Amino acid sequence: MIKIKKLARWLSMPEEVLSSSSYLELVDFSSLSVENCEEIACFSANKIELKLRDKSKLEVSGQDLQIKQLEHKMLVVVGTIDQIRKL
């Protein structure tokens with residue numbers, strides 16, 4: 001079996017593309033990008049719970065939360081983000 005790191009190097013791709021891990025990017029506590037999001041489990045203006053590719057869950061808490069973008073397992077949450085927890 002080929003290891004992910006070796007395969008990524010051989011394909012000249014970032015390792016994260018081939019793994020089941022999720023990538024998060026938080027900008028100014030007002031925008032959160034999440035890669036490898038499988039499902040929106042719970043949604044309200046104060047809390048969004050996401051199921052990730054690695055079968056874990058991510059909880060985003062704050063005010064006026066909205067889902068701005070959802071395509072190809074990439075999700076963007078905007079609003080005032082107070083807390084991010086992995087469940």
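Since we're looking at a predicted model, the values are computed, not measured.

## Quick notes on the sheet that holds strand β2 (residues 31-35)
(1) Moving on: Here 6 strands make up an open sheet; going across it, the order is β1-β2-β6-β5-β4-β3 and the pairing antiparallel. For this open sheet the edge positions go to β1 (24-27) and β3 (37-43), each flanked by a neighbour on one side alone. Taking each pair of neighbouring strands and ignoring which way they run, the sheet shows an average axis angle of 35°.

## As for the environment of Val78
(1) Moving on: Note on placement: Val78 falls in strand β6 (residues 74-86).
(2) Moving on: Sequence spacing of Val78 and Phe29 is 49 residues, and the spatial spacing of their C-alpha atoms is 8.7 Å.

## Some words on the pairing of β1
(1) Moving on: In this sheet, β2 lies alongside β1 in antiparallel orientation, the contact comprising 4 bridges. Within β2, the residue paired with Val27 across the bridge is Ser31.
(2) Moving on: Connecting β1 to the antiparallel partner β2 that follows it, the hairpin turn spans 3 residues, and Asp28 within it adopts a positive phi of roughly 50°.

## With respect to the pairing of β6
(1) Moving on: When β2 meets β6, the two strands line up antiparallel, connected through 5 bridges. Note on β6: the bridge partner recorded for Val34 is Leu75.
(2) Moving on: Sheet topology places strand β5 (residues 57-71) next to β6; 11 bridges connect them, and they run antiparallel. Opposite Gln66, over in β6, you have Val78 as the bridge partner.
(3) Moving on: A loop of 2 residues connects β5 with β6, the two strands running antiparallel in sequence, and His72 in this loop sits at a positive phi of about 50°.

## Observations regarding the side chain of Ser33
(1) Moving on: For Ser33, the location among the structural elements is in strand β2.
(2) Moving on: If sequence neighbours within four positions are ignored, Ser33 has contacts with Tyr23, Leu24, Glu25, Met74, Leu75 and Val76.

Parameters and conventions
Every chain begins its residue count from 1, and numbering advances along the sequence as written. Per-residue local features of the predicted model are confined to residues with pLDDT of at least 70, and side-chain atom pairs are confined, for both listing and counting, to 80 or more; whole-chain, interface and lining totals are unaffected and use all residues. Excluding hydrogens and water, the side-chain values take into account all heavy atoms of the structure. At least two bridges found by DSSP between two strands is the condition for calling them paired. Strands are runs of DSSP state E lasting at least two residues, helices are runs of H or I lasting at least four, and both sets are numbered from the N terminus onward. In this analysis an axis means a line fitted to C-alpha atoms, helices contributing only their contacting stretch, and an angle means the value between N-to-C directions, from 0 to 180 degrees. Any pair of residues with heavy atoms lying within 4.5 Å of one another is described as a contacting pair.

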